[in-house]
Amino acid sequence: MVKEGLNQKNRIYGEDCAMNEMTIQLLLVGGNPDGLDTLSTFLKEEPDFSLTGVATWEEALKVLKHRYIDVVLLNATMTSLRFDILDMAIDMLDGKPIKIIMLASVDDEEMIVEALMMGILNYINLANVEEMASAVRDAHHNRLSLHRDAAALLLKELDQLKRQHYQCLLTPREKDILQLIGEGYTRKMIAQALNMAPATVKSHIRRTIKKVGGATGKEVAKKVRRRGLLQPHEQ
C-alpha cells in the first residue's frame, strides 16, 4: 500500500531535493514502509542527510543501478526472510563500493556476525534510533566504527574460532601434557604420569610452543587454558 501523499515512484525516490557533495544520500530498505515512519522522520531531520526513500528488497536493486547512494540502511528486523537478506546484501555489494548498515535485533546473533563478516559495515538495533546518525556519518566518511553490541558479538565469534583453531591444532597427547604442565607437573613427573620418555615429553612441549606460540610450556598451557581447552586445576 502506498503511503498517503506519495505515489509509487515518489515512495522510492523521495521528495525532490538538491543533491550536493555535502549531503549524504540514504536509502532505507526492507520491511513495511509504514512501520519505519519514526526512523524516516528522524533521518529527514538531520541537515546533512537526504533520504532517497523507502524501498522493498527488489526495488532497492533497481534504485542502486540508476542512482548514487552513499549509505544503505538494511532493515532485517521486520521480516521472516532472515538469511535471504544476506543474499540481498551480497547482490548490493557485488562490484559496487556500497556502504551498508544493518538494522536488526540483537537476538539474531548468527545473522549479524555473518553480515559483518561479509562486508556490512555496522549493526544498529532499531530501538536505538538516536545512535543512527553518528553511525551513518562514520560509514560515509570511512571512519572505523562498530556498535558495541556488534563488537561484542564479533569478539565472541573470534574467541570461538580461536578455540576451534587450538582444538584442531593440538593432538590429544599434547593437550594431556599441557594439562599436567598447568597443574604444576615437571617434565619428569609428566613422563612418569603418561608413561613416556622424558625426551618425548620435551619434544611434545617444543611442538606445542611452535604451534601455539610462547617462550615456555607454561606459557602455552596458560594460553590454551584461557581458550577453555584445559580443565582448571584445583588450587
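All figures in this text were calculated on a predicted structure; none of them were measured in a lab. (Residues numbered from 1 in each chain as written. Predicted model: local features only at pLDDT ≥ 70, side-chain atom pairs only at ≥ 80, totals over all residues. Heavy atoms only, no water.)

A. Representation of the pairing of strand S4 (residues 99-104) in the model. Burial analysis of S4 places 6 of its 6 residues in the buried class, the great majority of the element. Residues Lys99, Ile101 and Leu103 line one face of S4 and the alternating positions Ile100, Met102 and Ala104 line the opposite face, and both faces are buried. The pairing of S4 with strand S5 (residues 122-125) spans 4 bridges and is classified as parallel. Each bridged residue has a counterpart across the sheet, and for Ile101 the counterpart in S5 is Asn122. (Buried < 20%, exposed > 50% of the residue type's maximum accessible area, 1.4 Å probe, protein only. Helix = DSSP H or I, 4+ residues; strand = E, 2+ residues; numbered from the N terminus. Pairing = 2+ DSSP bridges.)

B. Structural view of helix H10 (residues 198-212). Taking 1.5 Å of rise per residue, 15 residues should cover 21 Å, and H10 covers 21 Å from first to last C-alpha, within 8% of that figure. The complete set of buried residues in H10 reads Val201, His204, Ile205, Thr208 and Val212. Buried residues along H10 cover an arc of 100° about the axis, so they all sit on one side. For H10, the exposed residues set more than 90 degrees away from the buried face come down to Ala199 and Lys210. (Expected span 1.5 Å × (residues − 1). Arc of directions from axis to C-beta.)

C. Fine view of the layout of surface pockets. Volume-wise, the second largest pocket comes out at about 170 Å³. Taken together, Lys99, Leu121, Asn122, Ala135, Asp138, Ala139, Asn142, Arg143, Leu144, Ser145 and Leu146 make up the full set of residues lining the second largest pocket. No other element matches the 3 residues that helix H6 (residues 132-140) contributes to the lining of the second largest pocket. Residues belonging to the lining of the second largest pocket are distributed by class as follows: 5 nonpolar, 3 polar and 3 charged. (1 Å grid on protein atoms, 1.4 Å probe; cavity = no way out; pocket = protein on both sides within 12 Å on 5 of 7 lines; lining within 4 Å. Points joined across faces, edges and corners; volume = space filled by probe spheres on them. Nonpolar A, V, L, I, M, F, W, Y, C, P; charged D, E, K, R; others polar.)

D. Region of the structure containing the sheet that holds S5. Pairing in this open sheet of 5 strands is parallel, and the strands run S2-S1-S3-S4-S5 from one edge to the other. Lying at the two open borders of the sheet, with one neighbouring strand each, are strand S2 (49-55) and S5. Between one strand axis and the next, the sheet turns by 25° as a mean value, whatever way the strands run. Packed onto the sheet, H6 meets strand S1 (24-29), S2, strand S3 (71-75), S4 and S5 and runs at close to 155° relative to S4. (Axes fitted to C-alpha atoms, helices over the stretch in contact; angles between N-to-C directions. Contact = heavy atoms within 4.5 Å.)

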